[in-house]
Amino acid sequence: MRSSHFSIGVVRLIMIFSVCVSMHAQTGYKNPVIRGFNPDPSICRVEDDFYLVTSSFEYFPGLPIYHSKDLVNWRQIGHCLTRDSQLPLHQAPASGGLFAPSLRYHNGLFYVVCTNTSGGGNFYCTATDPAGPWSEPVWVEINSIDPDIFWDEDGKTYFVTQGGEGIRVTEIDIKTGKVIGPERLVWGGIGGRFPEAPHIYKKDDFYYLMLGEGGTEYMHSATIGRSRNIYGPYESCPLNPILTHANRRGQSSSIQGTGHADLIQAQDGSWWMVFLGFRVTHQWAYYHVLGRETFLAPVDWPRGGWPQVNGNGTVSLDMNVPTLPLHLFEKTPVRVDFDDDKLGFEWQYLRNPVRENYSLTEKKGFLQMTASLFTLNEAESVSFVGRRQTEHGFTATTSLEFDSSDDNEEAGMTLIQNNTHHYDLLLKKSGEQIIVQLRVRIGSLAYIAAEQTVSDNKVLLKIEGSPYQYTFYFADAKGQKYTELSRLDTRYLSTEVAGGFTGVMIGLYASSNGKPSQAKAYYDWFEYQTDEK
Ligand code: 6LW
């Protein structure tokens, strides 16, 4: 026993050592580089470290921050907004809250610029360490979304935002956030709807203004213009749109909606683009459940010329191009035992959590959750923690014990796209019996898909994902044998059906459906395994 432990340990150490050490530049990587709901990526570099932020809407904490050495392998190092004072999300509707952020590094400080669409509007926060802590927000009185900050060489600072029919540029005082100059409309792109997601870069004496156009759907794109003057007029790049999958069919059509991009130059001089896109399933009509994810493409940007994205402005799941020297990180473990005092960065609450409803210490080794009055159907702070569905093929399993005395109380595992589109696999009392139930909510349609009695208030719940179906199982706590409860179509949780800007989250929750309660759910562990190769 001992020697096998020892040798496994040594092999593991060698593996970690060999994956953590930078190797030679390699050919090939897989898109998306950050998988599952991770839209609106924005990136900056400090020497050979890259940092990236994505949008997070009604989830808390807000704005995940990722770190990479090679642009291909990313590890989450924290969130920008971790305190209620930074991120009020009271009754934020689904896909409200935080829209697209921008991440910049200037004079020794990191800046995250964003919009809280559910309270406060535009703001920026600063930090010396991108892992946090981040400052309280500095609010900027400009009414728009998708803000960015651009520092010019003459010391002036500009706020760049989406502004109705085009992009607006406004001088601000970066110390106070006060608006100095008038808001000026500088460019509307090439005519796609919703010109947004602006970023300005200065290169070869030009101001380059890149934007997203076409809406964050199937006609999405990135376009770019340039000018000698920050206020324009901007000349459109003859290659525009420099990125789009709007006309992709066949093989490469499994990636759609590419756009909303940011550009970055690596230390070796090479240029790269990060952008959002989504992976679709089904054949005659497309659906996507994973939300918009973060993709990567190489960019050729010659001196005085225009940026060209991966040759023709499209990408594939398997990218056959040279990369920076690869630097892997250890993966998030498959099993979480809830032994630590804190949840890992992969877990999110829905809106500002009611903290006394959660404990990792009261019953050591368990995530204890007190049932909230609110249900998953309301834009409220329901007792819930969830993590992203990152692949179509996955297995999520948890061990649940539920101390309940009332038929109104329930706890379980949910697949949730938003508060009107979710599938709940739950445990509850029903008269003298205890049942496992699969409940469906698709817009105004709500029904119980299946239920079975169980002998104990302790069960294992399991959900398997595939491109077309989710399959729901339960077993007694000893896990001897899983029983299939039912199967449901994935498409009804897709963005095409549910709308919005997020992706499916796999959540653990507890609710008393509006009746005061102290019922407690105890989650002993959670396992999440995917078929990602
Ligand atoms: C993002 C904006 C957008 O801020 O979607 O459709 C918003 N456009 O660029 C949320 O991702």
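Residues numbered from 1 in each chain as written. Predicted model: local features only at pLDDT ≥ 70, side-chain atom pairs only at ≥ 80, totals over all residues. Heavy atoms only, no water.

A. Looking closely at the overall build of the protein chain. When its secondary structure is counted, the protein chain shows 2 helices and 39 strands. On C-alpha atoms alone, the protein chain measures out to a radius of gyration of 24 Å, which is about the 24 Å that the 2.2 N^0.38 rule sets for 533 residues. Overall, the protein chain is about 75 × 55 × 50 Å in size when its C-alpha atoms are taken along their principal axes. Residue burial in the protein chain is summarised as follows: out of 533 residues, 58% are buried. A sequence separation of at least 24 residues applies to 59% of the contacts in the protein chain between residues at least 6 apart. Here the protein chain displays about 21,900 Å² of accessible surface, and carbon together with sulfur accounts for 51% of that area. (Helix = DSSP H or I, 4+ residues; strand = E, 2+ residues; numbered from the N terminus. Rg over C-alpha atoms; globule rule 2.2 N^0.38 Å. Buried < 20%, exposed > 50% of the residue type's maximum accessible area, 1.4 Å probe, protein only. Contact = heavy atoms within 4.5 Å. Areas by Shrake-Rupley, 256 points an atom, 1.4 Å probe, with all protein chains shown as cover.)

B. Highlighting the domain arrangement of the protein chain. Domain boundaries assigned for the protein chain yield domain 1 (40–325) and domain 2 (335–530). Between the C-alpha centres of domain 1 and domain 2 the distance comes to 33 Å. Counting from both sides, the interface comprises 36 residues of domain 1 and, opposite them, 38 residues of domain 2. Counting each side, the surface lost to burial between domain 1 and domain 2 is near 3,100 Å², with a carbon and sulfur contribution of 55%. In this structure, the salt-bridge partner of Glu391 is Arg279, at a minimum N-O distance of 3.0 Å. At the level of secondary structure, the elements contributing two or more residues to the side of domain 1 that touches domain 2 comprise β4 (59–60), β5 (62–68), β6 (75–81) and β21 (271–279). Broken down by element, the residue count for the side of domain 1 that touches domain 2 peaks at 4 residues, all from β6. (Domains from an automatic or database assignment. Buried area = accessible area lost by both parts, 1.4 Å probe. Salt bridge = Lys/Arg side-chain N within 4 Å of Asp/Glu carboxyl O.)

C. Representation of the site of the ligand within the structure. Close contacts around the ligand come from Asp40, Phe57, Phe99, Ala100, Asp146, Glu196, Thr216, His260, Arg292 and Phe501, and that covers them all. Here Asp40 contributes a side-chain N or O atom positioned 2.5 Å from an oxygen atom of the ligand. Contact distances for the ligand include 2.8 Å between an oxygen atom and a side-chain N or O atom of Arg292. Burial of the ligand by the protein chains amounts to 96% of its free accessible area of 300 Å². Looking at the shell around the ligand, its residues break down into 4 nonpolar, 2 polar and 4 charged. (Near = heavy atom within 4 Å. Polar contact = N/O pair within 3.5 Å; in protein donor to acceptor, adjacent residues only side chain to side chain. Nonpolar A, V, L, I, M, F, W, Y, C, P; charged D, E, K, R; others polar.)

D. Structural detail: unusual backbone geometry. With an omega of 5°, the peptide bond running from Gly232 to Pro233 counts as cis. Within the element layout of this structure, Pro233 appears in the loop between β17 (221–227) and β18 (235–236). Asn240 connects to Pro241 through a cis peptide bond whose omega is -10°. Not every positive phi belongs to a glycine, and Phe57 is a case in point at roughly 55°. Its location among the elements puts Phe57 in the loop between β3 (49–53) and β4.

E. Summary view of the packing of aromatic side chains. Under the defined criterion, the tally for this structure stands at 30 aromatic pairs. Put simply, the rings of Tyr201, Phe206, Tyr208, Trp271, Trp301 and Trp306 pair up and form one aromatic cluster. One residue, Arg226, lies across the ring of Trp306, its end atom 4.3 Å from the ring centre. Of note, Lys363 hangs over the ring of Tyr522, and the distance from its end group to the ring centre comes to 4.7 Å. (Phe/Tyr/Trp six-rings, centres within 6.5 Å; stacked < 30°, edge-to-face > 60°. Lys NZ or Arg CZ within 6 Å of the ring centre and 35° of its normal.)

F. Structural context of the pairing of β3. A large share of β3 lies buried, amounting to 5 of its 5 residues. Of the two faces of β3, the one holding Asp49, Tyr51 and Val53 and the one holding Phe50 and Leu52 are both buried throughout. One ladder, built from 5 bridges, connects strand β2 (residues 42–46) with β3; its direction is antiparallel. Across the sheet, the residue bridging to Ile43 is Leu52, located in β3. Between β2 and β3, which follow one another and run antiparallel, lie 2 residues, and Glu47 among them has a positive phi close to 55°. Taken together, the 4 bridges between β3 and β5 define a ladder with antiparallel strand orientation. Looking across to β5, one finds that Leu52 is bridged to Tyr66. (Pairing = 2+ DSSP bridges.)

G. Quick look at the side chain of Lys462. Mapped onto the fold, Lys462 is located in strand β35 (residues 458–465). The class for Lys462 is buried, based on a relative accessible area of 15%.

H. Representation of the pattern of salt bridges in the model. Applying the stated criterion to the full structure yields 30 salt bridges. A salt bridge links Asp204 to Arg303; the shortest N-O distance between them is 3.0 Å. Here Arg303 lies in the loop between β22 (293–300) and β23 (308–309) and Asp204 lies in the loop between β15 (196–203) and β16 (206–213), a separation of 99 residues in the sequence. Given a relative accessible area of 72%, Arg303 falls into the exposed group.

I. Up close: the environment of Leu445. Looking at the secondary structure, you find Leu445 in strand β34 (residues 445–454). On a C-alpha basis, the gap between Leu445 and Glu484 in space is 23 Å, while along the polypeptide they are 39 residues apart.

J. Region of interest: the nonpolar core. Among the nonpolar cores identified, the biggest contains 68 residues, and Leu415, Tyr470 and Leu508 are the most heavily contacted of them. Looking at this core, you find at least three residues from each of domain 1 (40–325) and domain 2 (335–530). Core analysis: the next-biggest nonpolar cluster, separate from the first, contains 41 residues, Met210, Cys237, Ala261 and Phe295 among them. (Core = buried A, V, L, I, M, F, W, Y, C linked by side-chain atoms within 4.5 Å.)

K. Main features of the sheet that holds β5. Reading across from one edge, β2-β3-β5-β6 is the order of the 4 strands in this open sheet, with antiparallel pairing throughout. Every other strand in the sheet has two partners, leaving β2 and β6 as the edge strands with one partner each. Taken over all neighbouring pairs, the strand axes of this sheet differ in orientation by 25° on average, direction set aside. (Axes fitted to C-alpha atoms, helices over the stretch in contact; angles between N-to-C directions.)

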